[in-house]
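These are the residues of each chain, in order.
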Number of protein chains: 2
Amino acid sequence: MTTDTCRKEIAVEIKVGRSAVRIGGICKGAGMIQPGMATMLGFISTDAAIESSALKRALKIAVGKSFNRITVDGDMSTNDSVIALANGRAGNSKSEIRRSQFQAALNFVCLELAKMIVRDGEGTSRFVALRVRGARNDREAEAAARAIANSSLVRTSWCGGDPNWGRILCALGYSKADVDETRIDVGYAQPDGRKILFAFRRGRPTNVALKTLAKITSAAEFDLHVDLHRGQGEFLLYAADLTENYVAFNKGDITDPATLGG
Amino acid sequence: MTTDTCRKEIAVEIKVGRSAVRIGGICKGAGMIQPGMATMLGFISTDAAIESSALKRALKIAVGKSFNRITVDGDMSTNDSVIALANGRAGNSKSEIRRSQFQAALNFVCLELAKMIVRDGEGTSRFVALRVRGARNDREAEAAARAIANSSLVRTSWCGGDPNWGRILCALGYSKADVDETRIDVGYAQPDGRKILFAFRRGRPTNVALKTLAKITSAAEFDLHVDLHRGQGEFLLYAADLTENYVAFNKGDITDPATLGG
């Protein structure tokens, strides 16, 4: 698998049997937070020979792991769309698609595009990969992750580079996930770093120095790990901070009637 | 009923039988958005002679119509509390309480305190009384109101004094209320004003001039009326805008370890 990434564009090439198959994708806008009535558009094209139903199924899987796992400001758009087109030019056998890396490649293309949308979110200054583990099930893990990532207080703390755990626990408390505050872990890590530094563990603040934690959370990107220790449910969500620039950008210009609907 | 209002304090006096009964209340903080782990505290005192169970019931009713109908940033606190105390000094007969204005007076005290919290919300510049009508039931009306009032895009448009209807429709669309966009009305009015100016009616923008609408929405307080035309459900929610000052205030100061938990 080779990649060629630039801003909100990506292409990969895989082998399907003996044929080289390419998948390309482009994305429009800063996702749910665009002012023009919030539009996220993604277009994927491939020269794979693939049944329409198989491509639809593959796209649904890829979108579930990518575009449906991002949030900038919690405002769902009225017209988010991801479209995949295949023209068969690669000449591969359709039956070989299932045994190939096609699904993995499509997942990768969608995920990279989705992350680009968050990184380009209006006024955002930080990109946070939020991993919730240990929920009673995946749905509760998702509810916990979305409560954290859409909390104005959590998002402003990210803006300040603050390794705040109190606001995270607060959001977990009002989320629909079942939590026991005496079991919760909250930790920070550099992107894809192996070492998690815990700010809060099993219901108590740790002794890790604030400065050490803040070094991680004041970078442009970091990972946030939350473990509820209640079960096997997990969810990964890509999120962004809330900044003064976001507010300034979205206050709108009421001298322009064209902004009225968006 | 007489009132004596100053910032987050209020007192009223009513007659219960022949006795003068007083109810006073004070509130702490800017509600759910306080940085010190988000604390809203309300204390009500009265000299009424009233059964503990009757006071509890009356307080529950009053809180349901006041403190539970405000939002500043959608972040529920870990420790919101409203406490009512009665010492019986007024000397009224407990049996007369039910026929008196006591419930109405308690509702009034709680509602006025609740509104003071929103008006004093961190960094807020606008106070919006949001009235949703015509939902299939009250629960859907509440869901619709909360989706609108907690939308970052709607709240930033309020900050800009923008009579935007598009973002309101967007929030209604992703709320859990059943809506038909071809029936929705969105209108603005001066506080407690009788005349609603509609920006959007039965699924279409109106001809009301943007300048005329903006004159209402650029004031410090205005009413927002949404009618879904689907049933009899309604909900009134007091909300605030999202400003740069809110973000600046809540970014936190990571040089101060005391901020880590809040």
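The preceding data block contains the structure.
What you see is a predicted model, and the numbers here were worked out from it, not measured in a lab.

The rules we used
- Residues numbered from 1 in each chain as written.
- Chains lettered and ligands numbered in written order.
- Predicted model: local features only at pLDDT ≥ 70, side-chain atom pairs only at ≥ 80, totals over all residues.
- Heavy atoms only, no water.
- Pairing = 2+ DSSP bridges.
- Helix = DSSP H or I, 4+ residues; strand = E, 2+ residues; numbered from the N terminus.
- Contact = heavy atoms within 4.5 Å.
- Axes fitted to C-alpha atoms, helices over the stretch in contact; angles between N-to-C directions.
- Phe/Tyr/Trp six-rings, centres within 6.5 Å; stacked < 30°, edge-to-face > 60°.
- Buried < 20%, exposed > 50% of the residue type's maximum accessible area, 1.4 Å probe, protein only.
- Core = buried A, V, L, I, M, F, W, Y, C linked by side-chain atoms within 4.5 Å.
- Polar contact = N/O pair within 3.5 Å; in protein donor to acceptor, adjacent residues only side chain to side chain.
- Salt bridge = Lys/Arg side-chain N within 4 Å of Asp/Glu carboxyl O.

Undergrad: Give me the lowdown on the sheet that holds strand β11 (residues 221-227) of chain B, citing residues and values where you can.
TA: Residues and elements named next belong to chain B. One open sheet accounts for seven strands, arranged β5-β12-β7-β11-β8-β9-β10; its pairing is mixed. Each of the sheet's edge strands pairs with one partner strand only, and the pair in question is β5 (70-71) and β10 (204-205). Both strand β8 (residues 185-189) and strand β9 (residues 197-201) contribute to a ladder of three bridges, which runs antiparallel. Each residue of the ladder has a partner; that of Y188, found in β9, is L197. Contacts from helix α4 (residues 152-159) reach β7 (127-135), β11 and β12 (233-240) within the one sheet, and its direction differs from that of β12 by about 60 degrees.

Undergrad: Which residues make up the sheet that holds strand β9 (residues 204-205) of chain A, and what values go with them?
TA: Residue and element names in this part refer to chain A. The six strands lie next to each other as β9-β8-β7-β10-β6-β11, forming an open sheet whose pairing is mixed. Here the strands that pair on one side only, and so sit at the sheet edges, are β9 and β11 (233-240). With two bridges connecting them, strand β8 (residues 197-201) and β9 associate as antiparallel partners. The residue of β9 that forms the bridge with R201 is R204. Sheet strands in contact with helix α3 (residues 138-149) are β6 (127-135), β10 (221-227) and β11, and its direction is about 25 degrees off that of β11. Packing of helix α4 (residues 152-159) onto the sheet brings it into contact with β6, β10 and β11, and relative to β11 it is tilted by some 60 degrees.

Undergrad: Break down the packing of aromatic side chains for me, citing the residues and quoting the values.
TA: Overall, the coordinates contain six aromatic pairs over all chains when judged by the stated rule. Relative to F200 of chain A, the ring of W165 of chain A has its centre 4.6 Å away and its plane inclined at 35 degrees; by these criteria the two rings are tilted. You can see W165 of chain A sitting in the loop between α4 and α5 (166-174) and its partner F200 of chain A sitting in strand β8, a full 35 residues away along the chain. When its relative accessible area of 4% is taken as the criterion, F200 of chain A is described as buried. Ring centres of Y188 of chain B and F222 of chain B lie 5.8 Å apart, and the angle between their planes is 65 degrees; on these two criteria the pair is classed as edge-to-face. Here Y188 of chain B, found in strand β8, pairs with F222 of chain B, found in strand β11; they are 34 residues apart in sequence, far enough to count as distant. A relative accessible area of 0% means that Y188 of chain B is categorised as buried.

Undergrad: Give a description of the environment of V21 of chain B that names residues and reports values.
TA: All names here are of chain B. Among the structural elements, V21 can be located in strand β3 (residues 19-28). Remark: the alpha-carbon pair of V21 and A145, spanning 124 residues in sequence, is separated by 35 Å. Once residues within four sequence positions are removed from consideration, V21 is found in contact with V12, E13, I14, V16, T46, D47, A48, A90, N92 and F102.

Undergrad: Describe the nonpolar core, naming the residues involved and giving the relevant values.
TA: Residues and elements named next belong to chain B. I23, I44, F102, L106 and Y238 are the most contacted members of the largest nonpolar core, which has 34 residues in total. Among the elements of the structure, β2 (9-16), β3, α1 (52-64), α2 (102-119), β7 and β12 are those that each provide at least two residues to this core. The leading source of residues in this core is α2, at 11 residues. Excluding residues within four positions of it along the chain, I23 makes contact with I10, A11, V12, I44, S45, T46, F102, A105, L106 and V109.

Undergrad: Talk me through the side chain of S151 of chain B; I want residue IDs and the actual numbers.
TA: Looking at the element boundaries, S151 of chain B is found in the loop between α3 (138-149) and α4. Within the local environment of S151 of chain B, its side chain forms a polar contact with the backbone nitrogen of V154 of chain B, the two atoms lying 3.0 Å apart.

Undergrad: Give me the lowdown on the pattern of salt bridges, citing residues and values where you can.
TA: Under the criterion given, the structure shown has 25 salt bridges over all chains. Between R230 of chain B and D178 of chain B there is a salt bridge, with its nearest N and O atoms 2.3 Å apart. Note that R230 of chain B is positioned in the loop between β11 and β12 and D178 of chain B in the loop between α5 (166-174) and β8, a separation of 52 residues in sequence. With a shortest N-O distance of 3.8 Å, R201 of chain B and D185 of chain B are connected by a salt bridge. Highlighted residues: R201 of chain B in strand β9 and D185 of chain B in strand β8, separated in sequence by 16 residues. Overall, the relative accessible area of 42% leaves R201 of chain B in the partly exposed class. Through salt bridges with shared partners, a single ionic network connects E13, R22 and D47 of chain A.

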